[in-house]
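Coordinate analysis (summary)
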2 protein chains.
Amino acid sequence: MARRARRPEARPDEILDAALAVFSEVGFAGARVEDIAARAGLSKGAVYVYFESKELMLKALVRRLADRVVGAAEMLVQSNAQADAEQTLRSLLTFMAMQLSNPKVSAAPRLVLAEAQRFPEIAALYRDDVIGRARQLLGKLCDRGIAQGVFRAVDRDVMLRSCAGPMLAHMMLSTVFADPKNPAPPPEVIAGGIADLVLNGLRPRP
Amino acid sequence: MARRARRPEARPDEILDAALAVFSEVGFAGARVEDIAARAGLSKGAVYVYFESKELMLKALVRRLADRVVGAAEMLVQSNAQADAEQTLRSLLTFMAMQLSNPKVSAAPRLVLAEAQRFPEIAALYRDDVIGRARQLLGKLCDRGIAQGVFRAVDRDVMLRSCAGPMLAHMMLSTVFADPKNPAPPPEVIAGGIADLVLNGLRPRP
DNA sequence: CCTATTAGTGACCAATGGGTCATTAATAGA
DNA sequence: TCTATTAATGACCCATTGGTCACTAATAGG
């Protein structure tokens, strides 16, 4: 086989990209290291230069990905720190729904959902680094809304489930369970509808 | 090994029970037919008397399970056909949240979420037999609420995501991502909170 | 009892795939 | 240009496991 250029610095990331693609297609157990290597343009042996085992690849992958979605969400909330909480939450929900409609973005959380049961360490990592931060973020936003008088008091665990849940459902429905015969409305419409419902739900009753 | 009594009629169900347990612990690809057999109190060979292959076991399993949760939900809505839509939806949401807090009940949907990507046939089956029916059910309930003047007009796809999503999130958070250090409030409290928020969200604005 | 039937067994086969390592080739430095 | 270093290869090893099948033993019927 044609020998490829030596670019050791770039390898780990390339391998992880390939691993995410393969894992999310056939699952962790079903993925062959040789396929991951091939997709990264390497031989199997080279993969083991950078990662000790297939399982450590999975962990590195989750660690690398944990930041991306939540990080972007935190950024969005922070940059809207002055705006009213209602508008910020609407932007956040819309942004998330749009992101998660993209199979490439949703591949990572989908993979975690699929494998968490089998790898308690990964479940714990995700719980602390993604779910925990999302809960914090929503909690703070919620406090702001309450202070501004636009949200009523809501438990954080209820808030987390009520905001993240529809996003999760939308992700699954627009990727693995997408029905070519009955296409759903475009994501921005769905996202807007969900935001309307949740925001209306958060409004204090007269 | 001690030979067990011959009870051919009961075998398929016993094997599927065992398969669900093993699949949901280690995933489909990670499950060994021999382990499934052992858990059912049989040898590997016997399993192949009843199921042609491991994959057909998975399909049979999903088919058998599809009914259970949605069937119960449909029953609940039907038996409350006279009551007001708001109260019915509250009961439905609470019932689902309680059910899905139980790892034994949630094992099946969790398994489907994990494997659907890899088995398009299973994804299609679940989409039609579970998600489709849930969408119908919520749509009808929604129509009733609108007719009674207690719900405002909501798109069915938004309704599906906004109702099923929090349940899904609750399921994942109370099983795979449960944090022993920060226990969530009891399920009935969470369920009530979610129902409050969603119902308030559905109320027509003055 | 004796025999026919069939549920159930478990040794075995063949393929698969994670992981290793001796070897090769590309580069850096002198 | 020559040598030392190291990125990368791929043939190989071997444990694992889906699936088969010749055989065993429990039951049913006469």
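Residues numbered from 1 in each chain as written. Chains lettered and ligands numbered in written order. Predicted model: local features only at pLDDT ≥ 70, side-chain atom pairs only at ≥ 80, totals over all residues. Heavy atoms only, no water.

What chain A contains, in helices and strands, is 9 helices and 0 strands. Listing every helix and strand of chain A by position from the N terminus yields α-α-α-α-α-α-α-α-α. Seen through its principal axes, chain A has C-alpha atoms that stretch 70 × 40 × 30 Å. Partitioning the intrachain contacts of chain A with sequence separation of at least 6 by distance along the chain shows that 69% fall at a separation of at least 24. Per element, the accessible surface of chain A, about 9,800 Å² overall, is 54% carbon and sulfur. (Helix = DSSP H or I, 4+ residues; strand = E, 2+ residues; numbered from the N terminus. Contact = heavy atoms within 4.5 Å. Areas by Shrake-Rupley, 256 points an atom, 1.4 Å probe, with all protein chains shown as cover.)

Interface size is commonly expressed as the accessible area that is lost once the parts come together. Residues and elements named next belong to chain A. Domain boundaries in chain A define domain 1 (1-51) and domain 2 (66-202). The distance between the C-alpha centroids of domain 1 and domain 2 comes to 31 Å. On the side of domain 2, 7 residues touch domain 1, which itself brings 6 residues to the contact. With both chains or domains summed, domain 1 and domain 2 bury close to 500 Å², and 69% of this area falls on carbon and sulfur atoms. Looking only at domain 1, the three residues that lose the most surface to domain 2 are L20, S24 and F28, adding up to 71% of its buried area. Here domain 1 is connected to domain 2 by 0 salt bridges. Joining domain 1 to domain 2, the criterion identifies 1 residue pair in polar contact (both at pLDDT 80 or more). Looking at side-chain class alone, the side of domain 1 that touches domain 2 contains 4 nonpolar, 2 polar and no charged residues. (Domains from an automatic or database assignment. Buried area = accessible area lost by both parts, 1.4 Å probe. Salt bridge = Lys/Arg side-chain N within 4 Å of Asp/Glu carboxyl O. Polar contact = N/O pair within 3.5 Å; in protein donor to acceptor, adjacent residues only side chain to side chain. Nonpolar A, V, L, I, M, F, W, Y, C, P; charged D, E, K, R; others polar.)

Before going further, it helps to examine empty space enclosed by the protein. Scanning the model with the defined rule gives 2 cavities of 30 Å³ or more in all. When its volume is computed, the largest cavity comes out at roughly 270 Å³. Contributing elements (two or more residues each) for the lining of the largest cavity: α1 (11-30) and α6 (103-115) of chain A together with α1 (11-30) and α6 (103-115) of chain B. Across the lining of the largest cavity, the residue classes break down as 14 nonpolar, 6 polar and 6 charged. Roughly 160 Å³ of internal volume is contained in the second largest cavity. Counting residues per element, the ones that place at least two in the lining of the second largest cavity are α6 of chain A together with α1 and α6 of chain B. In terms of residues, the lining of the second largest cavity owes the most to one element, α6(B), which gives 6 residues. Residue composition of the lining of the second largest cavity, by class: 10 nonpolar, 3 polar and 5 charged. (1 Å grid on protein atoms, 1.4 Å probe; cavity = no way out; pocket = protein on both sides within 12 Å on 5 of 7 lines; lining within 4 Å. Points joined across faces, edges and corners; volume = space filled by probe spheres on them.)

Residue and element names in this part refer to chain A. The geometry of helix α7 (residues 120-147) relative to helix α8 (residues 156-174) is characterised by a closest axis approach of 9 Å and an angle of 105 degrees between their N-to-C directions. Relative to α8, the element α7 lies roughly perpendicular. Counting all contacts with α7, which are made through I131, A134, R135, Q136, L138, G139, K140, C142 and D143, the residues of α8 involved are R156, D157, M159, L160 and C163. Partitioning the contact of α7 with α8 into residue classes produces 7 nonpolar, 2 polar and 5 charged. (Axes fitted to C-alpha atoms, helices over the stretch in contact; angles between N-to-C directions. Parallel < 35°, antiparallel > 145°, perpendicular 65-115°, else oblique.)

Attention now moves to the interface of chain B and chain A. If you look at the interface, chain B gives 50 residues, while chain A gives 50 residues. Together, the buried faces of chain B and chain A total about 4,300 Å²; carbon and sulfur atoms form 68% of this surface. Broken down residue by residue, the surface that chain B buries against chain A is led by B:R161, B:F177 and B:L197, which jointly contribute 19%. The interface formed by chain B and chain A holds 2 salt bridges in total. Between B:D179 and A:R127 there is a salt bridge, with its nearest N and O atoms 3.6 Å apart. On the surface where chain B and chain A come into contact, there are 12 residue pairs in polar contact (both at pLDDT 80 or more). At the level of secondary structure, the elements contributing two or more residues to the side of chain B that touches chain A comprise α1, α6, α7 (120-147), α8 (156-174) and α9 (187-202) of chain B. Across the side of chain B that touches chain A, the residue classes tally to 28 nonpolar, 10 polar and 12 charged.

Before going further, it helps to examine the relation of the copies chain B and chain A. One copy of the chain maps onto the second through a rotation about an axis and a displacement along it. In screw terms, the move from chain B to chain A is a rotation of 180 degrees and a rise of 0.0 Å along the axis, fitting with an RMSD of 0.1 Å. Here the copies are linked by what is in effect a two-fold axis. An overlap of 100% is found between the interface residues of chain B and their copies at the interface of chain A, pointing to a shared contact surface. (Least-squares fit on C-alpha atoms with pLDDT ≥ 70 in both.)

Attention now goes to the confidence of the model for chain A. The pLDDT averaged across chain A works out to 91; a share of 95% of its residues lies at or above 70. Here helix α4 (residues 54-79) of chain A stands out as the least confident element of chain A, with mean pLDDT 90; α8(A) is the most confident, with 96. (pLDDT = per-residue confidence, 0-100.)

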